[in-house]
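Residue-level structure breakdown
Chain by chain, the residues run as shown.
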Amino acid sequence: MNKKLESRIDIDALKLKKGELVQEVEDLCGENLFGCYQCGTCSAGCPFIEDMDLSPDEVIRYIILDRKEVLNSKTIWLCAACFTCAERCPRDINITKIMEALRQIILRKNIDRTNLINITKEEKVSIPQLAFVSLFRKNVG
Amino acid sequence: MKLLYYPGCTLKTSAKNLEKSAFAIMEALGHEMIEMEDWNCCGVVSSLTDDDLMHHLAPLRNLIHVEDAGYDKIITLCDMCYNTLKQTNLRVKEKPEDLETLNSFMDRENDYKGTVKVLHFLEFLRDEVGFDVLKKSIKRPLKGMKIMPYYGCMLLRPREVSIDDAEEPTILSKILTSLGADVVDNPFKIECCGSYHTIEEKNLVSNRAYRITKFAVDRGSDAIVLSCPLCRFNLDVRGKEAEKIYNNYKQLPVYYYVQLIAVAIGLDPKCCGFEEHAVDPVLLLKKKGAFEK
């Protein structure tokens, strides 16, 4: 469990209290992370697993172990909220909501994932509008 | 009885053909559908944190306007609008205290009473038109066309808002069978197309389109049929771009189910707006003789 994660954000600057990551996530998403028995069903069905640095079940483990570097994982931003993991979890844990909670911890500190200036004019006219609204809702605080 | 329809942003911009074909088949089937007044963006993705009520305001305002207009149901064509409106509708019904907070926040709107039912156009075709009626209206059956139905996420998940079985949906297959086409099943039919990553992670979405389409091709499919405007863009446009990345790969044409219904019931194909697609959808229809009476 010692994976190299990109370090885009300064975790210390988020000023999260020691040992409180799991509580913060649970407060935001309303799910019981300790219900997870690490079966890996979520990761097996995830359409983006190949590009993830941490698998969804590892993300849950990282949170429980208070390993805050999970907030620097690519996984939480790759999750497009397709709800496949939530639908299939044998413990009925909504992993999609856990991913959202992690994104929200960062976004609520005014740290955006997407820089809107980087979107080109060509993209603005060719890509459907609903893609932009969802991107802004997911990646911009 | 007239039916009320909620368009959403994309139906008025990059998916005008989806709206146009739907209106054309409604008229042909003898139903009147009108666009609701003073609608706003639904927000596209539903709020996933428990404390975030703000993002339920936009969908709720639409539901209030449906109630104000005197209707008890609203029909959507876009899968994402369907999902967002329905999730908000469920949330306020399950948690009356949240509805109270939301109602008190909006000054100029009436309170939402919770009487609206959110329907996807596919549900309307299944439950109120009926596939047997659809079958009887066929003038140009899509004989010999092997088509893979693709559902994506928002019609099926989360399970509380699903229009069909969340793991093994059949609604699009049943439509295809009614139209006389052959159905090609594919386990990728319920997998995500890459959604909004199409803006920042184009190759990732091209890969999704490639994986989904390649499986359909290997199983002998000529085309893909779907209902979501974002899935259409991702499979059609990003799939076309995948031709440059993967050797010997050719993207299949992608149709909205309403376009195929319009062709099969003998409407003028002009209403389908096929020219807006990246991979020419007309070629296959002509090859299979679907434009001939």
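Everything numeric in this text was worked out from a predicted model, so none of it was measured.

This part is about the overall build of chain A. Helix and strand content of chain A: 8 helices and 0 strands. Taken from N to C terminus, the helices and strands of chain A fall in the order α-α-α-α-α-α-α-α. Taken over C-alpha atoms, the radius of gyration comes to 15 Å for chain A, in line with the 14 Å a tight globule of 141 residues would show. Along the three orthogonal principal directions, the C-alpha set of chain A runs to about 45 × 35 × 30 Å. Residue burial in chain A is summarised as follows: out of 141 residues, 41% are buried. For chain A, restricting intrachain contacts to residue pairs at least 6 apart in sequence, the fraction spanning at least 24 positions comes to 68%.

Here we come to the environment of B:C42. All names here are of chain B. Take C42: it is sitting in the loop between β2 (33-35) and α2 (57-68). Overall, C42 belongs to the buried group, with 28 C-beta atoms counted inside 10 Å. Once the C-alpha coordinates of C42 and G8 are considered, the two residues, 34 residues apart in sequence, prove to be 6.9 Å apart. When sequence neighbours within four positions are dropped, the list of residues in contact with C42 reads G8, A58, P59, N62, C81, T84 and L85.

Further remarks concern the packing of helix α1 (residues 16-28) of chain B against helix α11 (residues 257-264) of chain B. Residues and elements named next belong to chain B. Relative to each other, α1 and α11 sit at 40°, their axes nearing to 8 Å. When the interaxial angle is binned, α1 and α11 end up oblique. α1 and α11 meet at a crossing whose hand is left-handed. Here L18, S21, A22, A24 and I25 of α1 lie close against α11, whose contacting residues are V258, Q259, I261 and A262. Looking at the contact of α1 with α11 residue by residue, the classes come out as 7 nonpolar, 2 polar and no charged.

Residue and element names in this part refer to chain B. Domain boundaries assigned for chain B yield domain 1 (3-122) and domain 2 (131-287). Each partner contributes to the interface: domain 1 provides 23 residues, whereas domain 2 provides 24 residues. Those elements that place two or more of their residues in the side of domain 1 that touches domain 2 are α1 and α3 (79-94). Among the elements that make up the side of domain 1 that touches domain 2, the one with the highest residue count is α1 (9 residues). Residues of the side of domain 1 that touches domain 2, tallied by class, amount to 12 nonpolar, 7 polar and 4 charged.

A few words on the interface of chain A and chain B. If you look at the interface, chain A gives 31 residues, while chain B gives 34 residues. For the side of chain A that touches chain B, the elements supplying multiple residues, two or more each, are α1 (21-29), α5 (84-88), α6 (95-107) and α8 (129-139) of chain A. Top element by residues in the side of chain A that touches chain B is α8(A). It accounts for 9 residues. Broken down by class, the residue content of the side of chain A that touches chain B amounts to 17 nonpolar, 7 polar and 7 charged.

When cut into domains, chain A gives domain 1 (17-109) and domain 2 (114-141). Between the C-alpha centres of domain 1 of chain A and domain 2 of chain A there is a distance of 24 Å.

Attention now goes to the pairing of strand β3 (residues 73-76) of chain B. Where strand β1 (residues 3-6) of chain B and β3(B) come together, 2 bridges link them in parallel fashion. Considered in β3(B), the bridge of B:Y5 is made with B:I75.

Right, let's talk about α8(A) for a bit. Burial of α8(A) is extensive: 8 of the 11 residues sit out of reach of the surface. Turning to α8(A), its buried residues are A:Q129, A:L130, A:A131, A:F132, A:V133, A:S134, A:L135 and A:K138. Of the surrounding secondary structure, the elements contacted by the buried residues of α8(A) are α6 of chain A together with α3, α8 (197-200) and α10 (229-245) of chain B.

Here the focus is the sheet that holds strand β8 (residues 254-256) of chain B. All names here are of chain B. Ordered in space as β6-β5-β7-β8, the 4 strands form an open sheet in which the pairing is parallel. This sheet does not close on itself; its edge strands, each paired only once, are β6 (182-183) and β8. Judged from the 3 bridges that link them, strand β5 (residues 146-149) and strand β7 (residues 223-226) form a sheet pairing that is parallel. Paired with P149 across the strands is V225, a residue of β7.

Residue and element names in this part refer to chain B. If you walk across this open sheet you meet the 4 strands as β2-β1-β3-β4, and the pairing is parallel. Whereas interior strands pair on both sides, the edge strands pair on one side only; in this sheet they are β2 and β4 (117-120). Here the average twist between neighbouring strands, direction ignored, is 40°. Inspection of the sheet shows β1 paired to β2 by 3 bridges, in the parallel sense. Bridge pairing in β2 links L4 to I34.

Moving on: the environment of B:V66. Residue and element names in this part refer to chain B. Mapped onto the elements, V66 comes out in helix α2. Each C-alpha atom of the pair V66 and Y82 lies 14 Å from the other, and the pair is 16 residues apart in sequence. Sequence-distant contacts of V66, defined by excluding residues within four places in its chain, comprise L4, M36, Y71, I74 and V116.

Averaged over chain B, the pLDDT score is 96; the fraction of residues at 70 or greater is 100%. Here the predicted complex scores 0.96 on pTM and 0.94 on ipTM.

This part takes up the packing of helix α9 (residues 202-218) of chain B against α10(B). The description of two helices packed together rests on the angle between their axes and the distance between the axes. Residue and element names in this part refer to chain B. Here α9 crosses α10 at 95°, and the two axes come no closer than 8 Å. When the axis of α9 is compared with that of α10, the two are roughly perpendicular. The residues of α10 that touch α9, namely those facing K202, V205, S206, R208, A209, Y210, I212 and T213, are N234, L235, R238, G239, E241, A242 and I245. The class makeup of the residues in the contact of α9 with α10 is 7 nonpolar, 4 polar and 4 charged.

Definitions and cut-offs
Residues numbered from 1 in each chain as written. Chains lettered and ligands numbered in written order. Predicted model: local features only at pLDDT ≥ 70, side-chain atom pairs only at ≥ 80, totals over all residues. Helix = DSSP H or I, 4+ residues; strand = E, 2+ residues; numbered from the N terminus. Rg over C-alpha atoms; globule rule 2.2 N^0.38 Å. Buried ≥ 20, exposed ≤ 12 C-beta atoms within 10 Å, placed from the backbone. Contact = placed C-beta atoms within 7 Å. Axes fitted to C-alpha atoms, helices over the stretch in contact; angles between N-to-C directions. Parallel < 35°, antiparallel > 145°, perpendicular 65-115°, else oblique. Left-handed = near helix turned anticlockwise from the far one by under 90°. Nonpolar A, V, L, I, M, F, W, Y, C, P; charged D, E, K, R; others polar. Domains from an automatic or database assignment. Pairing = 2+ DSSP bridges. pLDDT = per-residue confidence, 0-100.

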